[in-house]
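Architecture and fold: a report
Chain by chain, the residues run as shown.
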Number of protein chains: 2
Amino acid sequence: MKSLILAINYFISLSDEDENLITKLFTRIHLPQDGYFLQEGNVCRHVAFIDQGLVRYFINNDGNERTMYFNKENEFVSNYQSFLSKTVSHVSIQALEPTTLYTISYENLQRLYSEIKEGERFGRLAVEEIYLAAMHQLNSLYTDTPTNRYQYFLTAFRELTQRIPQYYIASYVGIKPQSLSRIRKRISTGH
Amino acid sequence: MKSLILAINYFISLSDEDENLITKLFTRIHLPQDGYFLQEGNVCRHVAFIDQGLVRYFINNDGNERTMYFNKENEFVSNYQSFLSKTVSHVSIQALEPTTLYTISYENLQRLYSEIKEGERFGRLAVEEIYLAAMHQLNSLYTDTPTNRYQYFLTAFRELTQRIPQYYIASYVGIKPQSLSRIRKRISTGH
């Protein structure tokens, strides 16, 4: 769980006791490619940290699938909205590669927040990060053109362009794969 | 500042010392109707708590204004994204009524988080709340029809329907005022 300890350590300093408790509170699981961390219609019962692999978030809009986000190794993954409010998730989270995760339940996360010395601080800073990502998406939906959204994808998920199928990238941008090809051509020729 | 103390007390318990510090960290300001708490192009330097009044959040999309959110008395208000990352805000926040606010600077908010006994816990819980509101908006933009969005407005901002001009409600829903009139008629006649 070294990657997980390092990730928490990025936000707060951890004593040996803190590290021992973290090791106890998380459980290692494995998802095959295309396996689900969360399926639409269920409550999200866990937050997870990705040790290896890649997931996508998508929403099913009357049969029309929209990809909303991606998370890769060394990042946390959850529908924290469903997790917090214990309400049914409209979002599904699916592994795009064989994926290894460390998961923590709601009760254990509350223990992490309260029993680790700077646990609440970690919670505040981690939630601030996911809030910033959510707001970026929100502003982008209000104002960005598909070309802007694709350029943002290239910046935010640069290392992932080879790992994510083009039709999921098009779905994230909110256009058909053919339109994405046109944008890619236009960008590469500088027009 | 009793309303502010009560609002923080909703999340955490406060000692007399904590209350004294809070009173020192916030500053009372007043905005006239149509006055700005934050204007597009500036960094949001404060979080505020609304003692009296009402504000709207809007984004200017090439001259096309979209209303994103409302906050009223006893609620916190900020572009926390711009505030956290110290980047320029694309969102403006404007008073719809004469509005009295208690504001806190970035530095003072860090003091609140670290010097109040449960300050970090307050921060985590408050950020979780604004995160939930942001995610609701985000999911709604992906999936809701204008009628759904208006019905959500009626639920979430029920007490505000008389205080917000119809064209801002239409702008929040994402439609023209005439279309909102049609939706209202349809809902009231049950068709």
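As a reminder, the structure under discussion sits directly above these lines.
Our subject in this report is the structure included herewith. Just so it is clear, the structure is predicted and the values come from calculations on it, not from any experiment. (Residues numbered from 1 in each chain as written. Chains lettered and ligands numbered in written order. Predicted model: local features only at pLDDT ≥ 70, side-chain atom pairs only at ≥ 80, totals over all residues. Heavy atoms only, no water.)

Take the overall build of chain A next. Secondary structure summary: chain A contains eight helices and eight strands in total. Buried positions account for 50% of the 191 residues belonging to chain A. When contacts within chain A are restricted to residue pairs at least 6 apart in sequence, long-range pairs at least 24 apart make up 70% of them. Entry remark: accessible area of chain A is about 9400 Å², with carbon and sulfur atoms responsible for 47%. Here chain A holds 20 positive side-chain charges and 20 negative ones, and the gap between their average locations is 8 Å. (Helix = DSSP H or I, 4+ residues; strand = E, 2+ residues; numbered from the N terminus. Buried < 20%, exposed > 50% of the residue type's maximum accessible area, 1.4 Å probe, protein only. Contact = heavy atoms within 4.5 Å. Areas by Shrake-Rupley, 256 points an atom, 1.4 Å probe, with all protein chains shown as cover. Lys, Arg positive; Asp, Glu negative; His and termini not counted. Charge placed at Lys NZ, Arg CZ, Asp CG, Glu CD.)

Right, let's get into the packing of aromatic side chains. Residues and elements named next belong to chain A. Taken as a whole and assessed by the stated rule, the structure comprises 36 aromatic pairs over all chains. Their ring planes at 20° and their centres at 5.6 Å tell us that Tyr80 and Phe83 sit as a pair that is stacked. Placement of the pair is Tyr80 and Phe83 together in helix H3 (residues 80-85), with a separation of three residues, close to one helical turn. Like Phe83, Tyr80 is buried. The ring centre of Tyr106 lies 3.9 Å from the NZ or CZ of Lys86, which sits over that ring. (Phe/Tyr/Trp six-rings, centres within 6.5 Å; stacked < 30°, edge-to-face > 60°. Lys NZ or Arg CZ within 6 Å of the ring centre and 35° of its normal.)

Here we come to unusual backbone geometry. Across residues other than glycine, the phi torsion is negative in most instances, and most of the peptide bonds are trans. Phi is positive for Asp34(A), close to 75°, though the residue is something other than glycine. Tracing the backbone shows Asp34(A) in the loop between strand S1 (27-31) and strand S2 (36-38).

Moving on: the pattern of salt bridges. The tally for this structure, following the rule as stated, stands at 22 salt bridges over all chains. The salt bridge partner of Arg124(B) is Glu120(A), with a shortest N-O separation of 2.8 Å. Taken together, the residues span two chains, with Arg124(B) in helix H5 (residues 119-143) and Glu120(A) in helix H5 (residues 119-143). When sorted by exposure, Arg124(B) lands in the same class as Glu120(A), which is buried. A salt bridge links Glu128(B) to Arg124(B); the shortest N-O distance between them is 3.1 Å. Here Glu128(B) pairs with Arg124(B), and both are found in helix H5, just four residues apart, close to one helical turn. For Glu128(B), a relative accessible area of 6% gives the class buried. (Salt bridge = Lys/Arg side-chain N within 4 Å of Asp/Glu carboxyl O.)

Glancing now at the side chain of Gln137(B). Along the chain, Gln137(B) turns up in helix H5. Apart from residues no more than four positions distant in its own chain, Gln137(B) is found in contact with Leu138(A), Tyr142(A), Met68(B), Tyr69(B) and Arg149(B).

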